[in-house]
Structure formats: C-alpha cells, structure tokens
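Take a look at the letters that make up each chain.
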Amino acid sequence: MNCDGSITVFIDGKELMSSAEQILRDFFGSAYRYARAVVDYGVGFVALAVVNGSSVGAAVYYSINVGLIRLCVIYYIAVIEECRGLGIGKVLMSTIEEICADSDVYIATTWFGNEHADRLYRSLDYVGYTWDELRRLIGKKAVDRLLKVTCGYDDDIAYVKSIINEGDVLSILRRVVEGGDDETNRLWRETCLGVWLRLRTGLR
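Residues numbered from 1 in each chain as written. Predicted model: local features only at pLDDT ≥ 70, side-chain atom pairs only at ≥ 80, totals over all residues. Heavy atoms only, no water.

1. Describing the overall build of the protein
Consideration 1: When you go through the protein residue by residue, the secondary structure sums to 8 helices and 7 strands.
Consideration 2: Taking 17 Å as the expected radius of gyration for a compact globule of 204 residues, we find that the protein reaches 16 Å, a close match to that expectation.
Consideration 3: Principal-axis analysis of the C-alpha atoms places the extent of the protein at approximately 50 × 45 × 30 Å.
Consideration 4: Relative to its 204 residues, the protein shows a buried fraction of 48%.
Consideration 5: Taking contacts inside the protein between residues at least 6 apart in sequence as the whole, the part at least 24 apart equals 75%.
Consideration 6: Surface accessibility of the protein: about 9900 Å² in total, with carbon and sulfur atoms responsible for 47%.
Consideration 7: Each charge class in the protein can be summarised by its mean position, and for the 23 positive and 28 negative side chains these summaries are 6 Å apart. (Helix = DSSP H or I, 4+ residues; strand = E, 2+ residues; numbered from the N terminus. Rg over C-alpha atoms; globule rule 2.2 N^0.38 Å. Buried < 20%, exposed > 50% of the residue type's maximum accessible area, 1.4 Å probe, protein only. Contact = heavy atoms within 4.5 Å. Areas by Shrake-Rupley, 256 points an atom, 1.4 Å probe, with all protein chains shown as cover. Lys, Arg positive; Asp, Glu negative; His and termini not counted. Charge placed at Lys NZ, Arg CZ, Asp CG, Glu CD.)

2. Observations regarding the packing of helix H3 (residues 88-99) against helix H4 (residues 115-123)
Consideration 1: Close contact between H3 and H4 brings their axes to 10 Å; oriented N to C, the two are set at 50°. In terms of orientation, H3 and H4 fall into the oblique class. Classified by chirality, the crossing of H4 by H3 is right-handed. Residues Gly89, Lys90 and Met93 of H3 form the contact with H4, whose own contacting residues are Leu120, Tyr121 and Ser123.
Consideration 2: The class makeup of the residues in the contact of H3 with H4 is 3 nonpolar, 2 polar and 1 charged. (Axes fitted to C-alpha atoms, helices over the stretch in contact; angles between N-to-C directions. Parallel < 35°, antiparallel > 145°, perpendicular 65-115°, else oblique. Left-handed = near helix turned anticlockwise from the far one by under 90°. Nonpolar A, V, L, I, M, F, W, Y, C, P; charged D, E, K, R; others polar.)

3. Looking at the sheet that holds strand E2 (residues 45-51)
Consideration 1: Spatially, E1-E2-E3-E4-E5-E7-E6 is the arrangement adopted by the 7 strands of the open sheet, whose pairing is mixed. Strand pairing shows two members of the sheet lacking a second neighbour, strand E1 (7-12) and strand E6 (127-130), which therefore form its edges. Between one strand axis and the next, the sheet turns through 25° on average, direction left out of account.
Consideration 2: Inspection of the sheet shows strand E4 (residues 69-79) paired to strand E5 (residues 105-110) by 3 bridges, in the parallel sense. Bridge pairing in E5 places Val73 opposite Ile107. (Pairing = 2+ DSSP bridges.)

This is the structure in structure tokens:
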C-alpha cells in the first residue's frame with residue numbers, strides 16, 4: 001500500500017465502524033468488540049484516517065461526564081502496520097482533541113509494552129501513570145470510576161492530559177468522585193461488563 005499522501009480524517013458513528021473494524025481487529029484481536037460496543041451504544045464515535053482512498057488508521061473515542069468533570073476517552077487507536085511512523089496516529093489524536101476541546105481531561109489506557117501507543121501519547125504531552133500510582137495520588141474511589149469509564153481493567157497505564165495547559169491534571173481527576181455516577185455505571189454495564197461476559201462465554 002502507498003502510505004504517502006495527504007491524510008483525511010472522517011468522523012462518524014456506526015457508519016464508519018465497518019471501515020474501522022478490520023484495522024482495530026488486526027491490532028487488538030477480539031478486544032475490538034469493546035470499541036464496537038461503545039459505538040453501538042451511541043456514545044462512541046469513529047475517527048477514520050484515509051490516504052489515497054484507503055483506510056489506514058482508526059480510533060474510537062467518546063466524551064462523558066464523570067463526577068464533576070468531563071472526560072474525553074481515546075478508547076482505541078490503531079494504524080495499519082505498513083503506514084506506521086508517518087504521523088497518522090498524531091493526526092487522528094489531534095483531530096479527536098480538537099473535537100473534545102470542551103472536555104476537562106483527555107485520557108487513554110494501554111498495556112505495558114505497547115511502545116507505539118507510549119511514543120504517540122508522550123509525543124503529545126500526555127503523562128502516563130500506572131493504576132497503582134493513581135490510587136496513591138488521587139485515591140481508590142477516583143481510580144475505580146476511571147476504570148469503569150475507560151473499561152481499562154486489562155490495561156496497566158493511563159495516559160492523561162489536561163485540556164487547559166496550566167491545569168493540574170491530578171487535581172482535576174480527583175473531582176471524578178464528586179457527584180453521581182449513574183451515567184458511568186450505565187456505560188460500564190452496557191459496553192464493558194456485558195462485552196466481557198460475552199467474550200468469556202464465547203458468545204458474539
């Protein structure tokens with residue numbers, strides 16, 4: 001595939017998921033079903049990167065109120081292998097950040113050893129914390145809510161970035177425990193717990 005050329009990013013919901021699905025499945029395996037679930041649920045959106053008419057990268061993201069703050073969750077992001085290292089991931093991330101500019105914090109999670117994600121997030125000034133570090137810094141209850149809203153149970157690291165450059169991201173994240181969590185619990189049941197149970201029992 002020729003990966004050289006201008007990058008166009010399309011944003012939509014279920015209409016783009018069929019184009020994004022194979023990219024996400026190739027990188028994340030059966031876990032791509034979590035991404036599909038948030039799109040099917042109606043909260044998630046797809047950012048699809050296209051070069052020379054071919055889909056070369058995809059991301060699923062959503063914004064949600066958690067306690068007294070609004071999070072922009074960069075849920076899944078992947079670029080096809082032959083087109084990595086060309087800035088496509090950065091274009092996807094920058095597009096999502098612009099769309100989510102009315103949020104308070106950007107957050108993404110991944111596992112130890114995902115070097116592509118680590119380089120991408122750090123190049124965009126995200127700070128990575130293990131869940132254990134965050135428990136010490138912002139408290140167990142706050143981390144429990146973040147785990148629910150990101151479905152990050154299988155991941156090791158949360159990368160966070162304040163929308164306001166001068167903002168103390170940890171102070172902002174502590175506020176996820178203020179206020180109710182009905183929206184978070186609904187999202188968790190429908191797009192995290194439900195998918196996990198289906199995968200565990202071998203259901204589609």
